Amino acid sequence: MSLRLTLCVGPSPTTLSARRPIRVPSLYTITQRYNSDIAVHPRSSQPIVRAGLTGRSSVSGHVVTVFGSTGFLGRYLVNRLGKKGTKVVLPYRCHEDEKRHLKPMGDLGQIVLQDYDVRNYDQIVDAVKYSDAVYNLIGRNYPTKNFNFEAVNVAAARDIARACAETGVPRLVHLSALGAQEGSTSQFLHTKALGERAVREEYPTATIVRPGTLIGFESEILSRIGVFRKFLPVVNHNQQIVRPVDVADVALALDMMMTEADSEAQTYELYGAKPYTHQDIINICSNVFREKVNTVNIPKPIMKAVTGLLQYWIYPQLSPDQVERMFIDQVPSPHKNVKTLADLGIEPRTFELTVLPYIRHFRKPALNELGLDPKKARTFGKHPSY
Ligand SMILES: NC(=O)c1ccc[n+]([C@@H]2O[C@H](COP(=O)([O-])OP(=O)(O)OC[C@H]3O[C@@H](n4cnc5c(N)ncnc54)[C@H](OP(=O)(O)O)[C@@H]3O)[C@@H](O)[C@H]2O)c1
């Protein structure tokens, strides 16, 4: 059986012949909907009314809030949501220009930008109260003058989870980090673990996501290797083990979690197909650049002192805490109940297969003509070249 809805819009037509216009009912059909277009959210019991096929100009019926949308992962997630016609509420705190790329990711009126301060609880409530899913992508790798690790990774996470619980938001997905562990020597990893605990206390069915190092155009590790390829200071003799994962795979996984009932109250660790040492990553990048990356190993105390001086003015990304993290291997959790990309049906890809488009622009312009012919590539280390 099909349910047919007839929508009436616009002013009623009037009869032009009469002196005094007579109003007649306006009954022109603009769309037709069926039972299959109307679903009821399993947790909130709110109706979800779809319109159109999929695409930016359709309506998925979902309203989703994304905190931290102005960051690296945020743009990929918002793009995925916008592409399905989902209304996305984006709380932001940055300059006008830093969030304008998000606006065209959805149809007119579908991307709702809200100015907010994460320390203002009422503004958080305003941002989540109409949503049926919330993503918290807020995180900071380094402390700033106004926010320390605790404020961003724990206090803000707790407030968002509490606001979701109080306003009855049916789904919350919280971003943590692979290797998050209480008592870690890295403040970032320690506070991320505390943040996970705070979120679970406030919102027990939240989904916790711990990605490995994200790889994409905006990736900090790739930019650092590319920009400083003539002289790259490193620590730990490049022996840290990392689990890079393509940012597009993570965005896809986050998108799927919104509707997967199985993802409730679960922890996901999202990482790529293989572990690499930092030296492997550099070798693969060298193959793509077709140029040797010159590294010099700096002792940990000296690197920490130098980055401590530079972090507030010149290069905050490489903070002393980041240096500390370069001595901590990214190892997936041994617990069996922790899920991975494979549990969502996503096949994780290797770093060498995904990295090429993200760093190709660091090659000398003359080399672009060489294309991707592996026979013409020089190889550094044991990894296959392009
Ligand atoms: N990138 C990685 O390799 C990686 C690895 C593991 C885990 N993660 C986690 O995954 C999540 C997303 O990562 P990402 O790379 O997209 O991070 P990102 O590029 O650093 O973006 C972080 C986002 O958080 C927001 N934010 C930071 N401090 C804030 C504050 N005090 N108040 C309000 N907003 C604040 C930023 O807003 P502004 O733009 O206004 O600063 C930005 O939108 C984060 O939780 C991160 O810790 C990332």
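Refer to the structure printed above.
Residues numbered from 1 in each chain as written. Predicted model: local features only at pLDDT ≥ 70, side-chain atom pairs only at ≥ 80, totals over all residues. Heavy atoms only, no water.

## Considering the overall build of the protein
From N to C terminus, the protein includes eleven helices and 15 strands. Pairs at least 24 residues apart make up 74% of the contacts formed inside the protein by residues separated by at least 6 positions. (Helix = DSSP H or I, 4+ residues; strand = E, 2+ residues; numbered from the N terminus. Contact = heavy atoms within 4.5 Å.)

## Observations regarding the side chain of Thr350
Along the polypeptide, Thr350 turns up in the loop between helix H9 (320–325) and helix H10 (351–354). Looking at Thr350, the relative accessible area reads 18%, which means it is buried. Apart from residues no more than four positions distant in its own chain, Thr350 is found in contact with Ala273, Lys274 and Tyr276. (Buried < 20%, exposed > 50% of the residue type's maximum accessible area, 1.4 Å probe, protein only.)

## Observations concerning the sheet that holds strand E3 (residues 63–67)
Across the sheet, seven strands lie side by side as E5-E4-E3-E6-E7-E8-E13; this open sheet has parallel pairing. Two strands lie at the open edges of the sheet, namely strand E5 (111–115) and strand E13 (267–270), each paired on one side alone. Averaged over neighbouring strand pairs, the angle between their axes works out to 20 degrees when direction is ignored. Across three bridges, the pairing between strand E6 (residues 133–136) and strand E7 (residues 172–175) is parallel. Residue pairing across strands places Val134 opposite Leu172, the latter belonging to E7. (Pairing = 2+ DSSP bridges. Axes fitted to C-alpha atoms, helices over the stretch in contact; angles between N-to-C directions.)

## Thoughts on the site of the ligand
Contacts to the ligand come from 25 residues, most closely from Thr70, Leu73, Arg93, Arg140 and Lys192. Interatomic distance of 3.1 Å between a backbone N/O atom of Ile138 and an oxygen atom of the ligand. Take Arg140: an N or O atom from its side chain is 2.6 Å from an oxygen atom of the ligand. For the ligand, whose free accessible area comes to 890 Å², the fraction covered by protein is 86%. Within the residue set of the shell around the ligand, elements represented by two or more residues are helix H1 (72–83) and helix H4 (187–202). Within the shell around the ligand, the residues separate by chemical class into 14 nonpolar, eight polar and three charged. (Near = heavy atom within 4 Å. Polar contact = N/O pair within 3.5 Å; in protein donor to acceptor, adjacent residues only side chain to side chain. Areas by Shrake-Rupley, 256 points an atom, 1.4 Å probe, with all protein chains shown as cover. Nonpolar A, V, L, I, M, F, W, Y, C, P; charged D, E, K, R; others polar.)

## A closer look at the pattern of salt bridges
Counted under the stated rule, the structure contains 22 salt bridges. Notably, a salt bridge pairs Glu291 with Arg229, separated by 3.4 Å at the nearest N-O pair. Of this pair, Glu291 sits in the loop between helix H7 (278–289) and strand E15 (295–297) while Arg229 sits in the loop between helix H5 (220–227) and strand E10 (232–234), placing them 62 residues apart in sequence. Among the residues examined, Arg229 registers a relative accessible area of 17% and is labelled buried. Between Asp321 and Arg325 there is a salt bridge, with its nearest N and O atoms 3.3 Å apart. Of this pair, Asp321 and Arg325 both sit in helix H9, four residues apart, which is roughly one turn of the helix. If you follow the salt bridges from partner to partner, you end up with Arg158, Arg162, Glu201 and Glu202 in one network. (Salt bridge = Lys/Arg side-chain N within 4 Å of Asp/Glu carboxyl O.)

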